[in-house]
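Listed below, chain by chain, are the residues.
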Amino acid sequence: MDIGVISVRYARALLKSAADQKLEEQVYQEMMTIAKSYLEVPQLRHTIDNPMLSKDKKEGLLLAAAGEKPCQLTRNFIQLVLKEDRENVLQFMANSYITLYRKQKNVIRGKLTTAARVSAQTEQKMRQMVESKTNGTVEFETEVNPDIIGGFILEYDTFRMDASVKTKLNNILNTLKK
């Protein structure tokens, strides 16, 4: 079977169970933690894929990767994945759950890049602006990048607004070269 099909099926079942138990948000946070753990600790994938490691040790590692105190639903899900020998697809299941949750709850990811740190008030205003345009909830990430010299770059969904000084200077330079 295709990894994408498997991961989406498990993720849908987990989302339905989480919705039934009113735990969607908590499971969402735990799936984001698992996905982040796989990205930040590449050895986790190799360890989980190791057939010599016992299921109990794999379960302990995956529960630790899910965060401090994963809910019982997440615990049961990890046990099911291990029982069905699908632990090599868990990273994809977590990412599929995140995608399905965001789609169901109309959650949009946004990113604000500035040359210097902005105040919480300014960040909140940008978040509210994006939320009003998208009619959804925005998960906002801010980044400081001194290379843009000044201004900002706002990205969300498929929209990108580049109001950085660096881009404006490059545009002027390109105009002068012509």
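Residues numbered from 1 in each chain as written. Predicted model: local features only at pLDDT ≥ 70, side-chain atom pairs only at ≥ 80, totals over all residues. Heavy atoms only, no water.

1. Structural notes on a nonpolar patch on the surface
A grouping of Ile149, Val165, Leu169, Ile172 and Leu176 is seen on the molecular surface, where their side chains present a nonpolar patch of about 480 Å² in accessible area. Along the chain, leucine 176 falls in helix 8 (residues 165-177). Residue leucine 176 is classed as exposed on the basis of its relative accessible area of 67%. (Patch = residues over 30% accessible without salt bridge, like charges linked within 9 Å, V, L, I, M, F, W, Y side chains within 5 Å. Areas by Shrake-Rupley, 256 points an atom, 1.4 Å probe, with all protein chains shown as cover. Salt bridge = Lys/Arg side-chain N within 4 Å of Asp/Glu carboxyl O. Helix = DSSP H or I, 4+ residues; strand = E, 2+ residues; numbered from the N terminus. Buried < 20%, exposed > 50% of the residue type's maximum accessible area, 1.4 Å probe, protein only.)

2. Focus: the pattern of salt bridges
Between side chains of opposite charge, pairing is possible as soon as their charged atoms come close. For the structure shown, the criterion picks out 13 salt bridges. A salt bridge links aspartate 85 to lysine 55, with the nearest nitrogen and oxygen atoms 2.3 Å apart. Taken together, the residues aspartate 85 in the loop between helix 5 (72-83) and helix 6 (90-105) and lysine 55 in helix 4 (residues 55-65) connect sequence positions 30 residues apart. According to the relative accessible area criterion, lysine 55 is partly exposed, its value standing at 33%. One connected set of salt bridges, linked through shared partners, spans Lys55, Lys58, Asp85 and Glu87.

3. Considering the layout of surface pockets
Estimates place the volume of the largest pocket at around 320 Å³. Lining the largest pocket are 15 residues, and of these Met32, Ile98, Arg102, Arg109 and Glu139 lie nearest its centre. Only helix 2 (24-40), helix 6, strand 1 (107-114) and strand 2 (137-144) provide two or more residues apiece to the lining of the largest pocket. By residue number, the principal contributor to the lining of the largest pocket is helix 2, which donates 5 residues. (1 Å grid on protein atoms, 1.4 Å probe; cavity = no way out; pocket = protein on both sides within 12 Å on 5 of 7 lines; lining within 4 Å. Points joined across faces, edges and corners; volume = space filled by probe spheres on them.)

4. Some details on the side chain of threonine 113
Counting through the fold element by element, threonine 113 comes out in strand 1. Owing to a relative accessible area of 6%, threonine 113 belongs among the buried residues under this scheme. Setting aside its immediate chain neighbours within four residues, threonine 113 contacts Glu143, Asn145, Ile148, Gly151, Phe152 and Ile153. (Contact = heavy atoms within 4.5 Å.)

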